[in-house]
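Below, each chain spelled out in residue letters.
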Amino acid sequence: MFIAMNRFRVNPERVEEFEQIWLERETHLQGLTGFVEFHMLRGPEEEDHVLYASHTVWRSREDFDAWTHSEAFRAAHANAGQSRREGLYLGPPKFEGFEVIQTIGKASDA
């Protein structure tokens, strides 16, 4: 399993706009080989930003890599650099990729 994360430092005055962009965007993820699930996470609020992280779970690193080279990826990121978003972020998103080395699930109720 592979987890792909992007961290976003968002201008505190524009968090509603940021969240609306993500809630309305077409993800192009459903039905992709190896895609498991996606989460957008809201984190702590600092003086100059609110931290968000996108969290996508993939069956494997290879499936994630295939997604990043696909037409679906290009379509999902086509509007990422729109000028109306100037001032929305404090710097570019920071990508972090993780290979899962352990998973612990809830014990089944007997």
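Residues numbered from 1 in each chain as written. Predicted model: local features only at pLDDT ≥ 70, side-chain atom pairs only at ≥ 80, totals over all residues. Heavy atoms only, no water.

### Examining the packing of aromatic side chains
Okay, step 1: This structure, assessed with the given rule, holds 13 aromatic pairs.
Okay, step 2: With a centroid separation of 5.4 Å and an interplanar angle of 65°, the aromatic rings of F8 and W22 are classed as edge-to-face. Residue F8 is located in strand 1 (residues 2–10), and its partner W22 is located in helix 1 (residues 15–24); the two are separated by 14 residues in the primary sequence. Accessibility classification places F8 together with W22 in one group, the buried group.
Okay, step 3: Ring centres of F18 and W22 lie 6.1 Å apart, and the angle between their planes is 50°; this geometry places the pair in the tilted category. A residue pair is termed a helical-turn pair when its members lie 3 or 4 positions apart in one helix, as F18 and W22 do in helix 1 at four residues.
Okay, step 4: For F18, a relative accessible area of 1% corresponds to the buried category.
Okay, step 5: Through successive ring pairs, a cluster of aromatic residues spans F2, F35, W58, F64, W67, F73 and F95.
Okay, step 6: Here the guanidinium or amino end of R25 rests over the ring plane of W22, the centre of that ring lying 4.2 Å away. (Phe/Tyr/Trp six-rings, centres within 6.5 Å; stacked < 30°, edge-to-face > 60°. Helix = DSSP H or I, 4+ residues; strand = E, 2+ residues; numbered from the N terminus. Buried < 20%, exposed > 50% of the residue type's maximum accessible area, 1.4 Å probe, protein only. Lys NZ or Arg CZ within 6 Å of the ring centre and 35° of its normal.)

### Remarks on the environment of V50
Okay, step 1: If you trace the backbone, V50 turns up in strand 3 (residues 50–58).
Okay, step 2: Along the backbone, V50 and G91 are 41 residues apart, and their C-alpha atoms lie at a distance of 13 Å.
Okay, step 3: The contacts of V50, once residues within four sequence positions are left out, are F8, R9, V10, P12, V15, R42, G43, P44 and E45. (Contact = heavy atoms within 4.5 Å.)

### What to know about the pairing of strand 2 (residues 35–45)
Okay, step 1: The pairing of strand 2 with strand 3 spans eight bridges and is antiparallel. Counted as the bridge partner of E45 is V50 from strand 3.
Okay, step 2: Joining the antiparallel neighbours strand 2 and strand 3 is a turn of four residues. (Pairing = 2+ DSSP bridges.)

### A closer look at helix 2 (residues 61–68)
Okay, step 1: The set of residues buried in helix 2 consists of D63, F64 and W67. The buried residues of helix 2 occupy an angular sector of 100° when the element is viewed end-on, so they sit on one face. (Arc of directions from axis to C-beta.)

### Considering the nonpolar core
Okay, step 1: Membership of the largest hydrophobic core is limited to nine residues, which are F8, V10, V15, F18, I21, W22, V50, Y52 and L88.
Okay, step 2: Mapped by element, the contributors of at least two residues to this core are strand 1, helix 1 and strand 3.
Okay, step 3: By residue number, the principal contributor to this core is helix 1, which donates four residues.
Okay, step 4: Filtering out sequence-adjacent residues up to four positions away, V15 remains in contact with V10, V50 and Y52.
Okay, step 5: Counting residues in each nonpolar core, the second largest holds eight residues, with A4, W58, F64 and A76 among its members. (Core = buried A, V, L, I, M, F, W, Y, C linked by side-chain atoms within 4.5 Å.)

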